[in-house]
Amino acid sequence: MNQKIASVIAVLITAAWGSSFILMKNVADSVPALGFLSLRFGLSAIILALIFFKKLCRFTKKTILHSLILGILLVGYMIFQIVGLRDTSASNSAFITSLSVLIVPFLSALFLKKMPGHSNWVGVFLALLGLVFITGIYQGLTALTIGDVYTFLCALCVAAHIIVADRFLKEDDSLLLGIGQIFAGAIISIVIWHIKSPHAFLTVAYTPTLLTSVVLTALFCTCFAFTAQIIVQKNLPPARLAVIFTLEPVFAYVYALLIPGTEGVTEPLLVSKVFGCVLVLSGMVISESGLLSRTKKPTLPNKKELA
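Sequence positions are assigned chain by chain, starting from 1 and proceeding in written order. At least 70 in pLDDT is required for a residue's local features to be given in this predicted model, at least 80 for side-chain atom pairs to be given and counted, and no such filter applies to totals for whole chains, interfaces and linings, which use all residues. The side-chain figures draw on all heavy atoms in the structure; neither hydrogens nor water molecules are used.

1. A look at the overall build of the chain
Okay, step 1: Helix and strand assignments come from DSSP, with helices taken as H or I runs of at least 4 residues and strands as E runs of at least 2, each series counted from the N terminus. Counting secondary structure elements, the chain contains 15 helices and 0 strands.
Okay, step 2: By residue count, 49% of the 307 residues in the chain fall in the buried class.
Okay, step 3: Nonlocal contacts in the chain, meaning residues at least 24 apart in sequence, comprise 87% of its contacts between residues at least 6 apart.
Okay, step 4: Using the Shrake-Rupley algorithm and a 1.4 Å probe, accessible areas are obtained, with residue cover drawn only from the displayed protein chains. Of the roughly 15,400 Å² of accessible surface on the chain, a fraction of 72% belongs to carbon and sulfur atoms. Any residue under 20% of the maximum accessible area for its type is buried, any over 50% is exposed, and the rest in between are partly exposed; the area is computed with a 1.4 Å probe on protein chains only. Any two residues having at least one pair of non-hydrogen atoms within 4.5 Å are treated as being in contact.

Here it is, written out as structure tokens:
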């Protein structure tokens, strides 16, 4: 796979993930987070097993262990995301979650001892300033909801997932790792859900809205996006991939403007939120492209060159 094809796939991944926020927002109050994840990842695992059943015998003990670790991070950040969506908007959730691409360099500094550059610091500043406008904190701290806090914890888990996956990709087959993490996510979700609420599977109200959300997120946001993410991550430089992924909240905001929520209305187009979006995206592009780090100050000619 060349980088052009990988870039196109990465854009399609962000488009798929962008749709998940409004789809999950519409069912966040009607089904427990673990219940939705069990249905979503369970259906995804069945679909992937049917498509790639001949490759499943290639799993090694090491790949299974790595898949389990990624599955734990995957379930963790999805739970924070779904719980957060109960108290914040779909667009807010998307933009706060996307902060993960800014968090990655700082977690890398902590674990890999590689300090962030000037671009990272400027990017973080612009992104945080943008969140002030997106979440409405500039109107007062009361504008910040507990959902925004849960979603920020989700962003931390996303960043950890990216770093750990990048480490495992040096040793594992990318396709098997992508499939394995979904299998692990399904098993973890179903087991915890059953322990917490036995027989809850039979008590869920399977409304058309819930079934639509489960099927769409299972097919496009899980089977395709999470599996393709691992494959693409092996074929694109991290900085380039991160810049492409900044399109995710843009897609999410567009979907939220077009698709009605549970009350039958779409999100309003607010100037403050648009301005915040521009700041966040600018911060991400500067941070992940290393624009300022590559910019060199002009040097003055020395005396020998002038002579």
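2. Quick word on the nonpolar core
Okay, step 1: If you look at the biggest cluster of nonpolar residues, it comprises 53 residues, and the most contacted ones within it are Ile13, Phe36 and Tyr77.
Okay, step 2: Every element with two or more residues in this core is listed here: helix 1 (3-25), helix 2 (33-51), helix 3 (61-85), helix 5 (100-112), helix 7 (146-168), helix 8 (174-196), helix 10 (208-233) and helix 11 (238-245).
Okay, step 3: Beyond its immediate chain neighbours, meaning those up to four positions away, Phe36 contacts Met24, Val27, Val31, Ile82, Leu210, Ser213, Val214 and Thr217.
Okay, step 4: Think of a nonpolar core as a cluster: buried Ala, Val, Leu, Ile, Met, Phe, Trp, Tyr and Cys residues, connected wherever their side-chain atoms sit within 4.5 Å. With 11 residues, the next largest nonpolar core counts Leu99, Leu102, Ala127 and Leu131 among its residues.

3. Describing the packing of aromatic side chains
Okay, step 1: Stacked, tilted and edge-to-face are the three classes applied to pairs of Phe, Tyr and Trp rings, where Trp contributes its six-membered ring and a pair requires centres within 6.5 Å; stacked means planes under 30 degrees apart, edge-to-face means over 60, and tilted covers the rest. One pass over the full model with this rule turns up 3 aromatic pairs.
Okay, step 2: Arranged with centres 5.4 Å apart and planes meeting at 50°, the rings of Trp17 and Phe226 form a pair that is tilted. Placement of the pair is Trp17 in helix 1 and Phe226 in helix 10, with a sequence separation of 209 residues. For the pair Trp17 and Phe226, a shared accessibility class is recorded, and that class is buried.
Okay, step 3: An aromatic cluster is present here, built from Trp17, Tyr77 and Phe226 joined pairwise through their rings.
Okay, step 4: In this scheme, the term charge over a ring applies when either NZ of a lysine or CZ of an arginine sits within 6 Å of the ring centre and within 35 degrees of the ring normal. The ring centre of Phe41 lies 5.8 Å from the NZ or CZ of Arg40, which sits over that ring.

4. Observations regarding the packing of helix 1 against helix 4 (residues 90-97)
The angle between the axes and the distance between the axes are what describe a pair of packed helices.
Okay, step 1: Here the axes come from fitting lines to C-alpha atoms, over the contacting stretch only for helices, and the angles between their N-to-C directions go from 0 to 180 degrees. It is at 9 Å that the axes of helix 1 and helix 4 come closest, and there the two elements cross at 135°. Put simply, helix 1 runs oblique to helix 4. When you trace helix 1 past helix 4, the crossing you get is right-handed. Between helix 1 and helix 4, the contacting residues are Phe21, Ile22 and Lys25 on the first element and Ala90, Ser93, Ala94 and Thr97 on the second.
Okay, step 2: Its residues assigned to classes, the contact of helix 1 with helix 4 shows 4 nonpolar, 2 polar and 1 charged. Here the word oblique covers every angle except those under 35 degrees (roughly parallel), over 145 (roughly antiparallel) and from 65 to 115 (roughly perpendicular). In this scheme, a crossing is called left-handed if the near helix is turned counterclockwise away from the far one by less than a right angle; it is called right-handed if the turn is clockwise. Gly counts as polar in this scheme, as do all residues outside two lists: the nonpolar Ala, Val, Leu, Ile, Met, Phe, Trp, Tyr, Cys and Pro, and the charged Asp, Glu, Lys and Arg.

5. What about helix 8?
Okay, step 1: Compared with an ideal rise of 1.5 Å per residue, which puts 23 residues at 33 Å, helix 8 spans 33 Å between its outermost C-alpha atoms and is within 8% of the ideal.
Okay, step 2: Looking at where helix 8 begins, the residue whose side-chain oxygen comes 3.0 Å from the main-chain nitrogen of Leu175 is Asp173. Helices are assigned an expected span. That span is 1.5 Å times one less than the residue count. Under this definition, polar contacts are N or O atom pairs within 3.5 Å; protein pairs additionally need one hydrogen-donor-capable and one acceptor-capable atom, and for neighbouring residues in sequence, both atoms have to be side-chain atoms.

6. Some details on the pattern of salt bridges
Okay, step 1: Each reported salt bridge corresponds to a side-chain nitrogen of Lys or Arg within 4 Å of a carboxyl oxygen of Asp or Glu. Overall, the coordinates contain 2 salt bridges when judged by the stated rule.
Okay, step 2: Lys62 serves as the salt-bridge partner of Glu171, at 3.7 Å between the closest nitrogen and oxygen. In this pair, Glu171 sits in the loop between helix 7 and helix 8 while Lys62 sits in helix 3, placing the two residues 109 residues apart along the sequence.
Okay, step 3: A network of salt bridges, in which partner residues are shared, links Lys62, Arg167 and Glu171.

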